[in-house]
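# Observations on chain architecture
The primary structure of each chain is shown beneath.
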Amino acid sequence: YIYLYFQMLKAFDRFSAWKGDVQQQMYKLDIGWPKIPEYFSGQTFCVAVDSLHGLVYVGQRGDNIPKVLVFSEEGYFLYSWNNTVEMPHGIFVLNTATDSSVWITDVGTGKYGHTVKQYSPSGKLLQVLGTPGNAGASLNPLQFDQPAEVFVEESGEMYVVDGDGGMNNRLLKLSEDYKEIWLSGENGTGIGQFNIPHSVTVDPFGRVWVADRDNRRIQVFDKVTGEWLGAWSSCFSEDGPYSVRFTANYKYLVVAQLNINRLAILAAPPVGDIGGCAVVSTIQLADETKPHLVDVDMKSGAIYIAELGAQQVQKYVPL
């Protein structure tokens, strides 16, 4: 009887897996990261991993606190910096053959706000895009209104989602000398339109993925032409996508859903048709955690989650 029972269980498992009903658990919490959580002293909005050098950058908001914290991937606090960062929203680490830099979108309304800025790893300001302190929609000179996130390729070409509730609802591709290559978007629900484009990432197959937050969908574009390739909305009936990042093998897309305190792991389509979306696994976080933006260590595969509600960053490692 017992043998039969287990055979039936195995058959049921196989059937369920084929049906796609049973979600596999793919990650577990690294409870030892960071070593001293007390270094988080404000609202943690964003996190970026420098997998080449084993560093984790955290952007936080609050009065009289450091706006950028730097940890080792083991969880040790290393240093912090504060200059010229007002209200960090998105953060991105760029590694090239010669150096590394940290890009931060700043949605502040003071003299540093409405900008996308490049810093050295130690916090030296290298570059300011946009018109500091002035929200706008112009492309020449370049202006932003609450730019949400930036993704920079090794070539220097970059993608900016602008913005986080301001006058602009657009995805902008800029050349390495910061001129417009193409632009997609205006406020709306149609193809290529946005309602708070909140996060952006690029895959190795020439596709740009955008979390179109308040339209509760992910939209996909051709990185060369800006042509619309497709959209996913059926996975986001409960809450829109706040953050989009690929796993290290590009097989899955990691999506944060802030209002339901959840990370959804979606199957990424291979080259070609975008198709429909399928959730293969979820990470359910505690109530009021509010995962805002995430990043993935492209070496270890670990996911780092910047949590607004819990005011912390958590690390999940692949099983």
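As annotated in an unreviewed UniProt entry, the chain is NHL repeat-containing protein 3 from Alectura lathami.

### Details of unusual backbone geometry
Residues apart from glycine generally show negative phi values, whereas peptide bonds are mostly found in trans. In this structure, the amide linkage connecting Asn140 to the following residue, Pro141, adopts the cis form with an omega of 0 degrees. Looking at the element boundaries, Pro141 is found in the loop between strand S9 (125–129) and strand S10 (147–152). Cis peptide bonds are those with omega within 30 degrees of zero, and the linkage from Asp162 to Gly163 qualifies with 25 degrees. Mapped onto the elements of the fold, Gly163 is located in the loop between strand S11 (158–162) and strand S12 (170–174).

### Some remarks on the confidence of the model for the chain
Chain-level pLDDT for the chain is 93 on average; 93% of the residues reach the 70-or-more range. Scored below 50 in pLDDT, residues 11–20 shows 2 contacts in the model against residues more than four places distant or in partner chains.

### As for the sheet that holds S11
Within a beta sheet, neighbouring strands are joined by backbone hydrogen bonds and run either parallel or antiparallel to one another. Strand order in the open sheet formed by 4 strands is S10-S11-S12-S13, with antiparallel pairing between adjacent strands. The open sheet has two free edges, formed respectively by S10 and strand S13 (180–184), since each of these has just one partner strand. Each strand of the sheet is rotated relative to its neighbour by a mean of 15 degrees, with strand direction disregarded. In this sheet, S12 lies alongside S11 in antiparallel orientation, the contact comprising 5 bridges. Counterpart to Val161 in the pairing with S12 is Leu171.

### Overview of the UniProt feature "repeat: NHL" (unreviewed entry) in the chain
Here, the residues flagged by UniProt with the feature "repeat: NHL" (unreviewed entry) are residues 185–224. Each end of residues 185–224 is marked by a C-alpha atom, and these two atoms are 16 Å apart; helix forms 0% of the span and strand 45%.

### Notes on the layout of surface pockets
Reported here for the largest pocket is a volume of approximately 590 Å³. Taken together, 23 residues form the lining of the largest pocket, with Phe92, Val93, Phe151, Tyr250 and Met298 sitting closest to its centre. Of all elements in the fold, only strand S2 (43–50), strand S6 (88–95), S10, strand S14 (197–202), strand S18 (243–246) and strand S22 (291–296) reach the threshold of two or more residues within the lining of the largest pocket. Classifying every residue of the lining of the largest pocket gives 14 nonpolar, 3 polar and 6 charged. Taken as a whole, the second largest pocket holds about 150 Å³ of empty space.

### Some words on the environment of Phe144
Along the chain, the position of Phe144 falls in the loop between S9 and S10. Taking the relative accessible area as the measure of exposure, Phe144 reaches 0% and is therefore buried.

### Examining the pattern of salt bridges
A complete count under the given rule lists 13 salt bridges for this structure. Between Arg217 and Asp212 there is a salt bridge; the shortest N-O distance is 2.7 Å. For Lys290, the salt bridge is made with Glu288, and the minimal N-O distance between the two is 3.4 Å. Assessed through its relative accessible area of 26%, Lys290 is described here as partly exposed. By sharing partners, the salt bridges in this structure join Glu149, Arg245 and Asp295 into a single network.

### Some details on the environment of Tyr316
Mapped onto the elements of the fold, Tyr316 is located in strand S24 (residues 312–318). By relative accessible area, Tyr316 is classed as buried at 10%. Measuring from C-alpha to C-alpha, the distance between Tyr316 and Lys67 comes to 23 Å, with 249 residues separating the pair along the chain. Apart from residues lying up to four places away in sequence, Tyr316 is in contact with Tyr27, Lys28, Leu29, Asp30, Ile283, Leu285, Ala302, Ile303 and Ile305.

### Re the sheet that holds strand S23 (residues 303–307)
The strand order across the open sheet formed by 4 strands is S1-S24-S23-S22, and the pairing between neighbours is antiparallel. Every other strand in the sheet has two partners, leaving strand S1 (27–29) and S22 as the edge strands with one partner each. Averaged over neighbouring strand pairs, the angle between their axes works out to 30 degrees when direction is ignored. Two strands pair when backbone bridges link them, and S23 and S24 are joined in this way by 5 bridges, in the antiparallel orientation. Paired with Ile305 across the two strands is Gln314, which belongs to S24.

About the cut-offs
Residues numbered from 1 in each chain as written. Predicted model: local features only at pLDDT ≥ 70, side-chain atom pairs only at ≥ 80, totals over all residues. Heavy atoms only, no water. Helix = DSSP H or I, 4+ residues; strand = E, 2+ residues; numbered from the N terminus. pLDDT = per-residue confidence, 0-100. Contact = heavy atoms within 4.5 Å. Pairing = 2+ DSSP bridges. Axes fitted to C-alpha atoms, helices over the stretch in contact; angles between N-to-C directions. UniProt positions renumbered as here; feature names shortened; annotations may be inferred. 1 Å grid on protein atoms, 1.4 Å probe; cavity = no way out; pocket = protein on both sides within 12 Å on 5 of 7 lines; lining within 4 Å. Points joined across faces, edges and corners; volume = space filled by probe spheres on them. Nonpolar A, V, L, I, M, F, W, Y, C, P; charged D, E, K, R; others polar. Buried < 20%, exposed > 50% of the residue type's maximum accessible area, 1.4 Å probe, protein only. Salt bridge = Lys/Arg side-chain N within 4 Å of Asp/Glu carboxyl O.

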